[in-house]
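# Structure assessment
Here is how the chains run, residue by residue.
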Amino acid sequence: MFADSKIEVVQKVSSEFIYDEASNMCTRPTWVEISRSRLLDNYRYLRELAGDSADMLAVVKANAYGHGLAQCAPILANAGAAWLGITSVEEGVEVRSYCPPSTRVLVLSGPWQGEGDALLEHDLTPVVWEPFHLDELEAAAAKRGLEPQSLAVHLEIDTGMARQGVPAPFDRDDSCELRNLLARFHPGSPLRLEGVMTHFSAADELDSASFQRQFSRLAHSLECVAAGGLTFQWLHAGASATLLAGKDLPPMREMAKKHGARLMFRPGLALYGDAPRFAPQGTPADESAAILKPVLAWKTRVISTRVIPQGETVSYNATFRAERATKLALLDAGYADGLDRRLSNRFALLVRGEFAPIAGRVCMDQCMLDVTDIPGVASGDEVVILGEQGTHTIDAYMHADCTGTIPWEVLTDIGHRVHRRLVD
Ligand SMILES: *Cc1c(COP(=O)(O)O)cnc(C)c1O
């Protein structure tokens with residue numbers, strides 16, 4: 001119902017052609033397929049883990065983890081996610097144009113100077129922790145003559161990430177910064193404390209003491225909030241790892257209840273079907289993660305083939321030398337598409353249901369596969385970079401392990417010029 005015209009274009013695309021959303025032209029054969037049904041299944045599963053007493057903030061920052069904001073944000077909003085989370089005003093404006101007006105949008109990264117007007121104009125809710133955040137918002141509210149308490153904000157408490165948020169009091173006497181910030185939510189202020197949040201730093205380490213430390217700092221902070229006579233509607237913390245692991249949910253529910261707030265979780269990666277690697281392995285957290293289904297498949301095509309004689313070299317700086325007559329398949333995908341150059345000579349992609357090694361260095365826009373052992377490879381063959389083909393799968397961890405990173409980075413590195421299409 002709220003689908004943007006861009007999405008309709010994506011849905012109308014025939015499987016044979018790639019659409020350029022801006023110009024409606026066919027373009028290079030490198031694309032991403034997004035499974036609506038898998039995204040919905042993952043969302044519903046996480047929703048179930050969260051329980052009825054909690055709300056969901058679906059994290060769609062970084063172009064929905066590379067899956068396409070235009071494709072994913074409306075699906076998650078229409079599935080019932082009360083909130084969507086992004087990390088820039090620009091993304092917020094985009095989300096607004098795709099989603100029902102009732103969808104709340106949280107800008108997780110804090111307002112920068114000059115962004116107050118745009119936040120208000122597009123009904124984006126900011127996360128705040130610096131005094132200048134409040135100055136900026138108060139000034140924007142004054143310009144619009146906003147009523148007291150009409151501009152909702154969420155206050156982030158730093159309980160141990162040391163990234164953003166007002167430092168949690170380490171003990172009850174040490175809460176100056178927090179107290180000063182809370183004092184600014186007086187009855188005459190245009191600002192209303194609607195949410196209090198924190199971010200856990202090691203929810204994937206199941207036997208670590210860090211949750212307990214962060215949790216008790218959060219508890220102290222909430223006592224300060226209560227002592228300041230303030231209430232708030234949402235308490236939110238916990239990303240994919242916390243939800244899948246499950247063990248910390250009961251104390252979090254208790255904490256929200258104690259403060260008369262609704263609990264909210266903020267999953268990102270798990271919505272898209274990948275999960276953190278839990279340590280130790282083999283706990284119920286792993287079983288929970290195994291239920292998720294990857295939403296994204298990244299594909300390209302063979303655009304040309306050639307056979308080179310023994311002794312010839314392939315790609316820049318001759319890092320691949322043919323030990324026999326070698327058949328190469330050229331692909332329209334390179335590091336500018338997010339195909340990491342460190343995969344050169346160390347990774348294989350799927351063609352005709354078989355793994356074909358990358359031969360030589362990945363180039364900016366192209367790469368070559370050694371397809372000597374796969375009969376019949378020809379121009380037009382579909383190649384899977386990430387996803388399933390035949391009986392084989394290439395998952396985000398295979399990419400991440402090869403290049404020394406994590407699935408979050410593999411997915412968000414997929415270039416903007418790679419077209420995202422909804423396939424079901
Ligand atoms: C990115 C992010 C999340 C989501 O994390 P995942 O591990 O991808 O689930 C949640 N909360 C905040 C504040 C974030 O920055």
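Residues numbered from 1 in each chain as written. Predicted model: local features only at pLDDT ≥ 70, side-chain atom pairs only at ≥ 80, totals over all residues. Heavy atoms only, no water.

Our focus in this paragraph is the state of the cysteines. What we call a disulfide is simply a covalent bond connecting the sulfur atoms of a pair of cysteines. A full pass over the atoms with the stated rule returns zero disulfides. Of all cysteine sulfurs, the one in Cys-224 lies closest to Cys-176, which takes part in no disulfide; the gap is 11 Å. According to the relative accessible area criterion, Cys-224 is buried, its value standing at 13%. (Disulfide = S-S within 2.5 Å. Buried < 20%, exposed > 50% of the residue type's maximum accessible area, 1.4 Å probe, protein only.)

Turning next to the site of the ligand. Within the structure, the ligand sits among Val-59, Lys-61, Tyr-65, Arg-163, His-199, Ala-239, Ser-240, Arg-266, Pro-267, Gly-268, Leu-269 and Trp-408. Here Ser-240 contributes a side-chain N or O atom positioned 2.5 Å from an oxygen atom of the ligand. Measuring from a nitrogen atom of the ligand, one finds a side-chain N or O atom of Arg-266 at 2.9 Å. Within the complex, 91% of the 380 Å² of free accessible area of the ligand lies under protein. Placement of the ligand is best described as lying within the largest pocket. (Near = heavy atom within 4 Å. Polar contact = N/O pair within 3.5 Å; in protein donor to acceptor, adjacent residues only side chain to side chain. Areas by Shrake-Rupley, 256 points an atom, 1.4 Å probe, with all protein chains shown as cover. 1 Å grid on protein atoms, 1.4 Å probe; cavity = no way out; pocket = protein on both sides within 12 Å on 5 of 7 lines; lining within 4 Å. Sits in = over half its atoms within 2 Å of the grid points.)

It is worth spelling out the packing of helix 4 (residues 69-78) against helix 5 (residues 89-98) at this point. One can describe the packing of helix 4 onto helix 5 by two numbers: an axis separation of 9 Å at closest approach and a directional angle of 60°. The angle between helix 4 and helix 5 falls in the class oblique. Two packed elements cross with a definite hand, and for helix 4 against helix 5 that hand is right-handed. Between helix 4 and helix 5, the contacting residues are Leu-69, Ala-70, Ala-73 and Pro-74 on the first element and Glu-91, Glu-94, Val-95 and Tyr-98 on the second. Looking at the contact of helix 4 with helix 5 residue by residue, the class counts come to six nonpolar, no polar and two charged. (Axes fitted to C-alpha atoms, helices over the stretch in contact; angles between N-to-C directions. Helix = DSSP H or I, 4+ residues; strand = E, 2+ residues; numbered from the N terminus. Parallel < 35°, antiparallel > 145°, perpendicular 65-115°, else oblique. Left-handed = near helix turned anticlockwise from the far one by under 90°. Contact = heavy atoms within 4.5 Å. Nonpolar A, V, L, I, M, F, W, Y, C, P; charged D, E, K, R; others polar.)

Turning next to unusual backbone geometry. Each neighbour pair has its own omega, and for Ala-279 with Pro-280 the value is 0°, a cis peptide bond. Looking at the secondary structure, you find Pro-280 in the loop between strand 10 (262-265) and helix 12 (284-290). Here Ala-162, not a glycine, exhibits a phi torsion of approximately 55°, which is positive. For Ala-162, the position within the fold is in the loop between strand 6 (151-158) and strand 7 (166-167).

A few words on the domain arrangement of the protein. Taken domain by domain, the protein consists of domain 1 (11-25 + 36-291) and domain 2 (296-394). Computed over C-alpha atoms, the centres of domain 1 and domain 2 are 40 Å apart. (Domains from an automatic or database assignment.)

Time to look at the layout of surface pockets. Empty space within the largest pocket amounts to approximately 740 Å³. Lys-61, His-199, Phe-200, Ala-239 and Trp-408 are, among the 32 residues lining the largest pocket, the residues nearest its centre. Of all the secondary structure elements, the ones that give two or more residues to the lining of the largest pocket are helix 3 (61-65), helix 10 (240-245), helix 13 (396-403) and helix 14 (407-412). By residue number, the principal contributor to the lining of the largest pocket is helix 10, which donates three residues. Counted by class, the lining of the largest pocket contains 16 nonpolar, nine polar and seven charged residues. (Points joined across faces, edges and corners; volume = space filled by probe spheres on them.)

The next subject is the packing of helix 9 (residues 210-227) against helix 11 (residues 249-258). At their nearest, the axes of helix 9 and helix 11 sit 11 Å apart, and the two run at 5° to each other. With respect to their mutual orientation, helix 9 and helix 11 come out roughly parallel. Where helix 9 approaches helix 11, its residues Phe-211, Phe-215, Leu-218, Ala-219, Leu-222 and Glu-223 are matched on the opposing element by Pro-251, Met-252, Met-255 and Lys-258. Its residues assigned to classes, the contact of helix 9 with helix 11 shows eight nonpolar, no polar and two charged.

Here the focus is the pattern of salt bridges. Applying the stated criterion to the full structure yields 20 salt bridges. The partner of Arg-262 in a salt bridge is Asp-55, and the shortest N-O contact between them spans 2.7 Å. Here the residue Arg-262 occupies a position in strand 10, and Asp-55 occupies one in strand 2 (residues 54-59), the gap between them amounting to 207 residues. Notably, a salt bridge pairs Arg-184 with Asp-135, separated by 2.6 Å at the nearest N-O pair. Of the two residues, Arg-184 is situated in the loop between helix 8 (176-182) and strand 8 (191-197) and Asp-135 in helix 7 (residues 131-143); the sequence distance between them amounts to 49 residues. Asp-135 gets classed as partly exposed once you look at its relative accessible area, which sits at 40%. Taken together, the salt bridges that share partners define one network made up of Arg-28, Asp-337, Asp-365 and Arg-417. (Salt bridge = Lys/Arg side-chain N within 4 Å of Asp/Glu carboxyl O.)

What follows deals with the environment of Val-377. Note that Val-377 resides in the loop between strand 17 (367-370) and strand 18 (382-389). Taking relative accessible area as the criterion, Val-377 reaches 2% and is therefore assigned buried. Distance from Val-377 to Lys-61, taken between C-alpha atoms, is 38 Å for residues 316 residues apart in sequence. Beyond its immediate sequence surroundings of up to four residues, Val-377 is in contact with Val-302, Thr-305, Lys-327, Ala-329, Val-351, Arg-352 and Val-371.

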